[in-house]
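# Descriptive analysis of the structure
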Amino acid sequence: MLLIKCPYCGVRDQTEFRCGGEASRARPDHPEHISDPDWAQYLFYRENPKGLLRERWVHRYGCGQWFIVSRDTVTHDILDSLPMGDLPPKGRDAP
Amino acid sequence: MIRPPLGPFRLASGGRIDRQEPLTFTFDGVPYVGFRGDTLASALLANGVRAVARSFKYHRPRGIFSAGEEEPCALVEIGEGHARVPNCRATVVPLEEGLVAASQSGWPSVNFDLGRMVDFTHPLWPAGFYNKTFKWPNWKTWEGLVRRAAGLGRPLEGPDPDRYEQVNAHCDLLICGGGPAGLMAAQVAASAGLRVILAEQSPDCGGVLNSENIELDDQHGSDWATRTVSRLREQPNVLLLEHTVVTGVYDHNVTTLLQTGQGSTWRECLWTVRPRHVLLASGAIEQGLIFPNNDRPGIMLAGALRHYVNRHAVVPGTAVVVATNNDSAYQTVFDLLHLQVPVSAVVDSRESISPALQKRLQMAGAELIQGACISDTRGFGGLRSVRIARHEGTDLGHRACDLLAVSGGWAPRVHLLAHARGTLRFDEPSQSFVPDRLPAAWSVTGAASGMQHLQQTLDDAALAARRISEQLGHPADDLAVPQVTRGMVEPAEVGAQRPTASRKRQWIDLAHDVTLGDAELAVREGFVSVEHFKRYTTTGMSVDQGKTGNLNAFIVLGALTGRATGEVGTTTFRPPYVPVTLGAMAGIRSGEFYAPRRLLPAHLMHQKLQGQFEDYGWQRPDAYPRPGESLHDAVQREVLAVRSTVGVFDNSPIGKLEVRGPDAARFLDRVYINNVSGLPVGRVRYGLMLNENGVIIDDGVFIRLAQDRFLLNTTSGGAGRIAGMLEEWLQCEWRDLRVLVDDLTTQWACFTVAGPRARDVLTALGTDIDLAPAALPHMAAACGLVAALQSRVARVSFSGELSYEISVPARCASALLEAILAAGQPFGIEPYGIESLMVLRAEKGYLHVGTDTDGSTTPDDVGWGEVARRKAGDFIGKRSLERPANRATDRKQFVGLEPIDPGRALRPGSHLLIGADRQPPAVTDGWVTSACHSPTLDRAIGLAMLRGGRSRIGEIVTVCDEEQRFNVKVVAPVFYDPANARLNT
């Protein structure tokens, strides 16, 4: 069970949070203009790296805020947590 | 006073038992006497009970093999009736007055077991036997028989009467194990001021100090342990948990501890502990030896025998042979000879033994046979003799003995370290896997790290605790480490396991009846990876998880495949370390406490109205049966009341989300497939929400309360989920939109007054809202006073009748319901429940999301395709509707069904087949999603998803309801008032 730092409430138990998947996912601005494969890319394809990953988490049983967590998928080490707004709006530039 | 009978194998003095407190207990119905301080195992041994269980597969008699939680053989049932607990290891069950224990395998009895037929036919049961022996005619024919024969204990029937607790805790240092290492470390860490939790699996701390004749600073080791424990107990920063096993280590070092509540009001307590640092001081487990017929009662680990002799004053035999591959078993010889128990031979598989030890043995008067091993044993219900042979084959004949102490070396108890992703390496001198790389915030000390010498263990534990304390910012003072003034014989160099060449079975895993032959077969058939090998032979997969046998299995696998043991590696250690009951995992969350019960704000009123409640996430009335009336009849009556006059329904659980802000309409345009921004203030619209895959996830009406303010109704179960989803889009994707979402579901109570007389009831209630159809038409809303309560009234309908939804603050719920019932009385108003609502909406063909739809249903499937296509802007899921699969013409579509025989009830879940000649097995053409008997039409009706359904209206399809087949007519999914005349009155 992970210990996760909510940028607003501090370190809390994983059971208070819900993971929303990879933060690098961004909705295309004009879905109607993109091809089926590109749309499928957005819907179904994920980086799933072995190592550092930026994820969206929400402090569901706390302040209700979404934020970005950098987690090592191998060790589960959590490197930092950032408020949503601290990332570029589309979040595409995750390392 | 009369001294109680000691039992035939109990010593007159010595041991850590209280001879003044005899305890009577029964085993398989026979009464016995033991003493306070005994375990069930030691008491059985003292009474000369040898066979206590039958083995898993071959049903061979088995005795007590070990003295701890690693026991592979002595599995028993404790207690009776609902409190009976199967699969208890007799070696860790403390003896209590009146304890009832029974052997759980063996039929009709443990001493005469018909299951032993398997033993006599054992060539039929090799590894993987279910794929081999039972191929004819097929495995299914035999499965029942095999499963009955193979079970481990019987599951409980009826509710568990015991109570279970759960505790969450934090600490600086968690010490796993309360032996000499753990106690020493706890002392140092506690004096440094760390918050320490020490977990010891036995009922008292001390470990080997309690079962060996060790002296520390010239005092018996157990006295030092007792003194240390009482000192630790005095310290407020130490929590000492005895009878507590650390069962698992999870991410971020979360550990779980299972505490047994001896004499408490609870049976077990599951602790979840978050330590800043973990110190593993869990000791080592002695391993067995592999030789022919090494499974008989009377064959026991050498260390376990010392435990029973020294701790419980039990010598469970009269003539002893010791077989070993290391020095530690010699301590058993010395302990026994000290008590004048004859040891006829020491069989050591090694060629050379230290001269000092040889000399000591000679002086004690025991015969040493080097470079030899046990080549066979005899004795059906218990050991009678062993046969000894040299490795090269010379037979040295039989030795009569009823007790054989074996030692195959010691395996550090590294399970928890492995849970935490620490790595292991094979250590040749000790022939065991020892810790290699430690995870962050972990230390290991003592025998768990492969140490053999007690002094080294104590010194290292003290040092480790100092280091940890400093790391955590609490420098420790120097603390005197006790000096070992009388030690024990340590394992020294361990000889490799050398199984003899024999056609007789040699067990690797006693618990799962896995033999050397099985291992050879597995290797012959190519199962050479250790994980495949384990699964094919099932070695290490029983209750004990191979604690006394896995190491030998890995060594054997290495030998059979010409690999070094380190190259073979180990299987993956996974939690839990010992079996954990489901009761402990559930804690108090069972029965009434399984989930919170949500009551309607007018719950007491519904009780008074004799509602029949059901849990829908909320406790809601299904219907309000009159005395003697069935639920079905009540539903039919209530539906007819709504159709003919008027009814009232408590709709309070419906999701109510307020969405407001300058961009609220823009946002909701992206959320619903319907147009939102064009909706005038005071008007209501029905909407569908999709996920990004284009699948319907929720539906409901939304009201425009003001230009920048909307109230969304979601399904009752979906309120929290949809509110969360809206937040996610707003916070993560559309951060530029100025919108707030509030979940007001529980703030408002909501009652639906529906039926041709609904308007009359509202008029009778008294309201300042203009109820004229022109002022408040269908799909309009208004605020005002109703029955002198501040209300919001919306003309929406899920029944197809003229219908008003009246919302008031939740605290006014009962007042409003009372007023409605009173005002409606002249019109014959009846309350109706959710079952009745479901019939009403089915008659009208209104969709119930989650019942009629599933995880693949798109708007077009349910007749909303045109709305979605016409919508100008983008919305969640829109692009996915364009994917080829979602545009296919043979998708399942929402239709109505009318059985040809109007009395023939449909059942949801029944499959549909198009074409009279089609018979299962066949690819389904659809299924019934909702069904009921319509009282309005007096016939059975159903809703269904049918392949290409909309173009099949009028066709006859076949319903497959289990074995029954009957025909139904496909109709449009609206059975009642298709023109909506009644809605618009």
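Located above this text is the structure these notes cover.
In short, a report on the structure.

### Quick word on the overall build of chain A
Along chain A, the regular secondary structure elements total one helix and six strands. Secondary structure elements in chain A, listed N-terminal to C-terminal, are β-β-β-α-β-β-β. The dimensions of chain A, computed from C-alpha atoms along their principal axes, are 40 × 30 × 20 Å. Looking at chain A as a whole, 36% of its 95 residues are labelled buried. Carbon and sulfur atoms provide 49% of the accessible area of chain A, an area that totals close to 5,200 Å². When the 13 basic and 14 acidic side-chain charges of chain A are each reduced to a single mean position, those positions are 4 Å apart.

### Examining the overall build of chain B
Counting its secondary structure elements, chain B contains 26 helices and 50 strands. Considered along the principal axes of its C-alpha atoms, chain B spans approximately 115 × 70 × 60 Å. With 985 residues in all, chain B has 57% of them scored as buried. Contacts in chain B between residues at least 24 apart in sequence constitute 65% of all its contacts with a sequence separation of at least 6. For chain B, the accessible area works out to roughly 39,700 Å², and carbon and sulfur atoms hold 54% of it. Here chain B contributes 100 positive and 107 negative side-chain charges, whose respective centroids are spaced 3 Å apart.

### Describing the side chain of Asp669 of chain B
All names here are of chain B. Note that Asp669 resides in helix 19 (residues 664–671). In this structure, Asp669 is buried with no salt-bridge partner, the nearest side chain bearing the opposite charge being Lys871 at 4.1 Å. Once residues lying within four places of it in the same chain are set aside, the contact partners of Asp669 are Asn674, Asn675, Val676, Ser677, Lys871, Asp874 and Phe875.

### Focus on the sheet that holds strand 5 (residues 66–72) of chain A
Whenever strands of a sheet pair, they do so through backbone hydrogen bonds, lying parallel or antiparallel. Spatially, the four strands line up as an open sheet ordered 3-4-5-6 (chain A), and their pairing is antiparallel. One side of each edge strand has no neighbouring strand; the edge strands of this open sheet are strand 3 (18–22) and strand 6 (78–83) of chain A. On average, each strand axis in the sheet is tilted by 30° relative to the strand beside it, whichever way the strands run. Sheet strands touched by helix 20 (residues 719–733) of chain B: strand 3, strand 4 (52–58) and strand 5 of chain A. Its angle to strand 5 of chain A, the strand with the most contacts, is close to 75°.

### Some details on unusual backbone geometry
If a residue is not glycine, its phi is most likely negative; likewise, a peptide bond is most likely trans. Residues and elements named next belong to chain B. Geometrically, the link from Pro575 to Pro576 is a cis peptide bond, its omega value of -5° lying close to zero. Mapped onto the elements of the fold, Pro576 is located in the loop between helix 15 (565–568) and helix 16 (582–586). The backbone phi angle of Ala492 is positive, close to 55°, even though this residue is not glycine. Locating Ala492 in the fold gives a position in the loop between strand 29 (484–486) and strand 30 (507–509). Note on Ala492: relative accessible area 34%, which makes it partly exposed. Backbone geometry at Asp938 places phi at a positive 50°, although glycine is not the residue there. For Asp938, the location among the structural elements is in the loop between strand 47 (926–934) and strand 48 (939–947).

### Some details on the interface of chain A and chain B
Across the boundary between the two partners, chain A contributes 30 residues, which contact 26 residues of chain B. Buried area between chain A and chain B, both sides added, is near 2,300 Å², and the carbon and sulfur share of it is 44%. Of all residues in chain A, Met1, Arg27 and Trp66 of chain A give up the largest surface area on contact with chain B, accounting jointly for 29% of the area buried on that side. Linking chain A to chain B there are eight salt bridges. Put simply, Arg56 of chain A and Glu733 of chain B hold a salt bridge, and the shortest N to O gap is 3.4 Å. Between chain A and chain B we count 21 residue pairs in polar contact (both at pLDDT 80 or more) in total. The leading source of residues in the side of chain A that touches chain B is helix 1 (residues 36–44) of chain A, at five residues. A per-class count over the side of chain A that touches chain B returns 15 nonpolar, six polar and nine charged.

### With respect to the packing of helix 12 (residues 516–524) of chain B against helix 13 (residues 530–537) of chain B
Each pair of packed helices can be described by the angle between their axes along with the distance between the axes. All names here are of chain B. Between helix 12 and helix 13, the least distance of the axes is 10 Å, while the angle of their chain directions is 125°. The orientation of helix 12 relative to helix 13 falls into the category oblique. Considering the relative orientation of helix 12 and helix 13, their crossing is right-handed. Residues Asp518, Ala519, Ala522 and Val523 of helix 12 lie in contact with helix 13, whose contacting residues are Phe533, Tyr536 and Thr537. Among the residues forming the contact of helix 12 with helix 13, the class breakdown is five nonpolar, one polar and one charged.

### As for the pattern of salt bridges
Once the charged atoms of two side chains with opposite charge are near each other, the side chains can pair. Scanning the entire structure with this criterion turns up 60 salt bridges over all chains. Among the salt bridges present, the one from Arg626 of chain B reaches Glu830 of chain B, with a minimum N-O distance of 3.3 Å. Of this pair, Arg626 of chain B sits in the loop between strand 33 (619–623) and helix 18 (631–644) while Glu830 of chain B sits in strand 44 (residues 830–831); the two residues are 204 residues apart in sequence, bridging distant segments of the chain. The class of Arg626 of chain B is partly exposed, set by a relative accessible area of 44%. Residue Glu962 of chain B pairs with Arg907 of chain B through a salt bridge whose shortest N-O separation is 3.3 Å. Of the two residues, Glu962 of chain B is situated in the loop between strand 49 (956–961) and strand 50 (964–971) and Arg907 of chain B in the loop between strand 45 (892–899) and strand 46 (911–914); the sequence distance between them amounts to 55 residues. Residue Glu962 of chain B is classed as exposed on the basis of its relative accessible area of 62%. A single salt-bridge network, built from bridges that share partners, covers Arg18, Arg25 and Arg56 of chain A together with Glu728 and Glu733 of chain B.

### A closer look at the pairing of strand 45 of chain B
A regular strand places its side chains so that they alternate between the two faces of the sheet. All names here are of chain B. Most of strand 45 is tucked away: six of the eight residues are buried. Note: strand 45 against strand 48, six bridges, orientation antiparallel. Note that in strand 48 the partner of Lys892 across the bridge is Arg947. Pairing between strand 45 and strand 50: four bridges, direction antiparallel. Bridging from a neighbouring strand, Pro899 pairs with Val968 of strand 50.

### Remarks on the state of the cysteines
All names here are of chain B. Inspection of the entire model under this criterion finds zero disulfides over all chains. You can see Cys176 has no disulfide; the closest cysteine sulfur is in Cys171, sitting 9.4 Å from it. For Cys176, a relative accessible area of 3% corresponds to the buried category.

### As for the packing of aromatic side chains
Residues and elements named next belong to chain A. Going through the model one piece at a time under the given rule, you end up with 13 aromatic pairs over all chains. Ring geometry for Phe17 versus Phe67: centroids 5.9 Å apart, planes at 80°, classification edge-to-face. Of the two residues, Phe17 sits in the loop between strand 2 (10–13) and strand 3 while Phe67 sits in strand 5, which places them 50 residues apart along the sequence. Like Phe67, Phe17 is buried.

### Side note on helix 21 (residues 758–765) of chain B
Residues and elements named next belong to chain B. The complete set of buried residues in helix 21 reads Ala758, Arg759, Val761, Leu762 and Leu765. Along the long axis of helix 21, the arc covered by the buried residues comes to 160°, so they all point the same way. Lining the buried residues of helix 21 we find strand 40 (748–754), strand 41 (781–786), strand 42 (789–794), strand 43 (803–809) and helix 22 (813–824). Residue Gly766 follows helix 21 closely and has a positive phi angle near 90°.

### Some remarks on the environment of Cys19 of chain A
Residue and element names in this part refer to chain A. Tracing the sequence through the fold places Cys19 in strand 3. C-alpha of Cys19 to C-alpha of Val58: the two residues are 39 residues apart in sequence and 6.5 Å apart in space. If near-sequence neighbours (up to four positions away) are discounted, Cys19 is found in contact with Glu55, Arg56 and Trp57.

### Looking at the nonpolar core
One recurring pattern in soluble globular proteins: nonpolar side chains tend to sit buried together. Residues and elements named next belong to chain B. The biggest cluster of nonpolar side chains holds 77 residues, and the ones touching the most others in it are Phe25, Phe27, Leu40, Leu404 and Val406. Not counting residues within four places of it along the chain, the set of residues in contact with Phe27 comprises Tyr32, Leu44, Val49, Val52, Val76, Ala101, Ala102 and Ser103. Among the nonpolar cores identified, the runner-up in size contains 39 residues, and Phe649, Val701, Val839 and Val971 belong to it.

### Concerning the pairing of strand 24 (residues 403–407) of chain B
Residue and element names in this part refer to chain B. The buried fraction of strand 24 amounts to five of the five residues, a majority that puts the element mostly inside the structure. Of the two faces of strand 24, the one holding Leu403, Ala405 and Ser407 and the one holding Leu404 and Val406 are both buried throughout. Here strand 17 (residues 299–301) pairs with strand 24 via three bridges, running parallel. Paired with Leu301 across the two strands is Val406, which belongs to strand 24. Sheet topology note: the strand 18 (residues 320–324)/strand 24 ladder contains five bridges and is parallel. Bridge assignment links Val322 to a residue of strand 24, and that residue is Ala405.

Definitions and cut-offs
- Residues numbered from 1 in each chain as written.
- Chains lettered and ligands numbered in written order.
- Predicted model: local features only at pLDDT ≥ 70, side-chain atom pairs only at ≥ 80, totals over all residues.
- Heavy atoms only, no water.
- Helix = DSSP H or I, 4+ residues; strand = E, 2+ residues; numbered from the N terminus.
- Buried < 20%, exposed > 50% of the residue type's maximum accessible area, 1.4 Å probe, protein only.
- Areas by Shrake-Rupley, 256 points an atom, 1.4 Å probe, with all protein chains shown as cover.
- Lys, Arg positive; Asp, Glu negative; His and termini not counted.
- Charge placed at Lys NZ, Arg CZ, Asp CG, Glu CD.
- Contact = heavy atoms within 4.5 Å.
- Salt bridge = Lys/Arg side-chain N within 4 Å of Asp/Glu carboxyl O.
- Pairing = 2+ DSSP bridges.
- Axes fitted to C-alpha atoms, helices over the stretch in contact; angles between N-to-C directions.
- Buried area = accessible area lost by both parts, 1.4 Å probe.
- Polar contact = N/O pair within 3.5 Å; in protein donor to acceptor, adjacent residues only side chain to side chain.
- Nonpolar A, V, L, I, M, F, W, Y, C, P; charged D, E, K, R; others polar.
- Parallel < 35°, antiparallel > 145°, perpendicular 65-115°, else oblique.
- Left-handed = near helix turned anticlockwise from the far one by under 90°.
- Disulfide = S-S within 2.5 Å.
- Phe/Tyr/Trp six-rings, centres within 6.5 Å; stacked < 30°, edge-to-face > 60°.
- Arc of directions from axis to C-beta.
- Core = buried A, V, L, I, M, F, W, Y, C linked by side-chain atoms within 4.5 Å.

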